[in-house]
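Listed below are the residues making up each chain.
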Amino acid sequence: MKEKIEETLHTEALHVAIVLAAGKGSRMNSDIPKQYLLLKGKPLVCHCLDTLEASPCIDQVVLVVGRGEVDYVRSQIIEAYSYQKVSAVLEGGAERYHSVSHALEYLDGRIPEASYVYIHDGARPYLEEALLERLYRTVRKEGACIAAVPVKDTIKQVDKNGRIKKTPERSSLWMAQTPQVFPYVLIWEAYRRMLAEGKTEGITDDAQVVERMGASSVKIVEGSYRNQKITTPEDIDP
Ligand code: CTP
Ligand code: MG
C-alpha cells in the first residue's frame, strides 16, 4: 500500500517555476546586476520569490543565476530569506534562452512528464498571486499560456532611417510579460528543436520558441500593468 501511494505521488504533475536571474542588466547601468539591487529593502529577485513561495499554485522553484553567483545566492538569498520551495540554483548562459534551456535540461527526468513550468523573469518583482491562479487554471484547461496586457500607445514600425513604414492595428497588439506557462514536455521539446536547428535569432521570450517551432498555439492570459520588468534606472524606486 505504501509503495502504491509513493508511486502515485511520483507521477502527479508538478507546477515548477523557473526564475531567471542570470542577466547582466546592461541597460540598468549599475555596478551590481539589477536582480540584486534593493527594492523596498530587499534584493529585487526576492519579491517574485516571496510570491512563488506563498502560492498554493507552485510546488517547486528552480532559480537560474549568473556565472559564479551560485554560492552567493545560496547563502545571501535562499538561506537568508529561508525559501523552502527552491529545489535548485543553477548557472545560466549568455542569452536568456540559454538560461531557460539549462533549467529545462536540469528538470529532465527529475519531475513527472505531465508537469508544468512557469518561466518568470526575476526582474519582474510585482508578480501577484491572482495572476498565478489565472495561469494555473488556463494551462490545465487550454495548454500553453502567457501573461500579457493590451498595448496602450500606438505602435509604429520604422525603417533603419527612422521613417515610419507601418502602423499595426492597436487592438490586436499585446505586450508579453511573464510568467509564461507550458506543459513541460511541450516547451522542452520546442527548445531542444530550436537549439538543434540553430533557429535562435531574435528570441526574447518563450512563447516565441513554441510559435517558431509550430509546436502549439499559445493563449493570452490577462496580466497586469503593474507586472512590469525592471529594465532601465527609472523603473526602480527604492
Ligand atoms: N536573463 C537570464 N539570462 C540571460 C539574460 C537574461 O536569466 N543570459 C534574465 C534576466 O536576469 C531577467 C530576464 O531574463 O530577469 C529578462 O531579461 P532582461 O530584462 O533583458 O535582463 P538583462 O539581460 O539582465 O538586461 P539587459 O538586456 O539590459 O542586459
Ligand atoms: Mg537582456
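Reading guide: rules and limits
- What you see as residue numbers is a count from 1 along each chain, following the sequence as written.
- Whichever chain is written first becomes A and whichever ligand is written first becomes 1, with later ones labelled in order.
- Side-chain atom pairs in this predicted model are given and counted only at pLDDT of 80 or more, local residue features only at pLDDT of at least 70, and totals for whole chains, interfaces and linings cover all residues.
- Heavy atoms throughout the structure, all of them, feed into the side-chain values; hydrogens and water do not.
- Here a residue is near a molecule or strand as soon as one of its heavy atoms is found within 4 Å of it.
- We define a polar contact as two N or O atoms separated by no more than 3.5 Å, with the added condition that, inside protein, one atom must be a possible hydrogen donor and the other a possible acceptor, whereas residues neighbouring each other in sequence contribute only through side-chain atom pairs.
- Throughout, the Shrake-Rupley method with a 1.4 Å probe supplies accessible areas, and for residues the shown protein chains are the sole cover considered.
- Elements are defined by DSSP. Helices are runs of H or I of four residues or more, strands are runs of E of two residues or more, and each kind is numbered from the N terminus.
- Asp, Glu, Lys and Arg are counted as charged, while Ala, Val, Leu, Ile, Met, Phe, Trp, Tyr, Cys and Pro are counted as nonpolar; the rest, among them Gly, fall into the polar class.
- Residue types Ala, Val, Leu, Ile, Met, Phe, Trp, Tyr and Cys, when buried and joined through side-chain atoms within 4.5 Å, form a set referred to as a nonpolar core.
- Only protein chains enter the area calculation, which uses a 1.4 Å probe; residues under 20% of their type maximum are buried, those over 50% are exposed, and those in between are partly exposed.
- Here, two residues are considered to be in contact whenever any of their heavy atoms come within 4.5 Å of each other.
- Two strands qualify as a pair provided DSSP detects at least 2 bridges between them.
- All axes here are fitted lines through C-alpha atoms, helices being fitted over the stretch that makes contact, and every angle between N-to-C directions spans 0 to 180 degrees.
- Confidence per residue, as judged by the predictor, is encoded in pLDDT with a range of 0 to 100.
- As used here, the arc belongs to the directions running from the helix axis to the C-beta atoms.

**Student:** I keep staring at the site of ligand 1 and nothing clicks. Help me out?
**Tutor:** Around ligand 1 lies a shell of 18 residues, among which Gly25, Ser26, Arg27, Ser99 and Lys229 are the nearest. Between ligand 1 and the protein, one listed contact pairs a nitrogen atom with a backbone N or O atom of Glu95 at 3.3 Å. Against a free-state accessible area of 560 Å², the protein chains account for coverage of 88% of ligand 1. Breaking the shell around ligand 1 down by element, the ones donating at least two residues are strand 1 (15-21) and helix 4 (96-107). Its residues assigned to classes, the shell around ligand 1 shows five nonpolar, six polar and seven charged.

**Student:** Help me out: how do you make sense of the nonpolar core in this one?
**Tutor:** Within soluble globular proteins, side chains that are nonpolar generally end up buried alongside one another. Leu63, Ile77 and Tyr118 are the most contacted members of the largest nonpolar core, which has 32 residues in total. Elements supplying a minimum of two residues to this core: strand 1, helix 2 (44-54), strand 4 (60-65), helix 3 (70-79), strand 5 (86-91), strand 6 (116-121), helix 5 (129-142) and strand 7 (145-150). Residue contacts for Ile77: discarding those within four places in its chain leaves Tyr36, Pro43, Val45, Cys46, Leu49, Tyr72, Ser82 and Tyr83. If you look at the next biggest cluster of nonpolar residues, it comprises 29 residues, including Leu20, Ala88, Val100 and Ala190.

**Student:** What is the right way to look at the sheet that holds strand 4 in this model?
**Tutor:** Within a beta sheet, neighbouring strands are joined by backbone hydrogen bonds and run either parallel or antiparallel to one another. Read across the sheet, seven strands follow the order 5-4-1-6-10-7-11 without closing on themselves; strand pairing throughout is mixed. What marks the edges here is a single partner per strand, and that holds for strand 5 and strand 11 (219-222). Strand-to-strand twist across the sheet, computed as the mean angle between neighbouring axes with direction ignored, equals 25°. Direction of pairing for strand 1 relative to strand 6: parallel, over a ladder of six bridges. Within the sheet, the bridge partner assigned to Ile18 lies in strand 6 and is Ile119. Packed on one face of the sheet, helix 2 meets strand 1, strand 4 and strand 6 and runs near 175° to strand 1. Contacts from helix 4 reach strand 1, strand 4, strand 5, strand 6 and strand 10 (174-183) within the one sheet, and its direction differs from that of strand 1 by about 145°.

**Student:** Explanation requested: the confidence of the model for the chain in the structure shown.
**Tutor:** Any residue range with low pLDDT should be treated as having predicted coordinates unsuitable for detailed reading. The pLDDT averaged across the chain works out to 94; a share of 95% of its residues lies at or above 70. Across residues 1-8 the pLDDT falls below 50, and counting only partners more than four positions away or on other chains, this stretch makes zero contacts in the model.

**Student:** Looking at this structure, how should I read helix 3?
**Tutor:** Structural remark: α-helix, 3.6 residues per turn; residues separated by three or four positions point the same way. Inspection of helix 3 places Val70, Val73, Ile77 and Ile78 among the buried residues, and these make up the whole buried set. The arc that holds the buried residues of helix 3, viewed along the axis, is 80°, so those residues lie on one side. Of the exposed residues in helix 3, the ones pointing more than 90 degrees away from its buried face are Asp71 and Glu79. If you follow the buried residues of helix 3, they end up packed against strand 3 (42-43), helix 2, strand 4 and strand 5.

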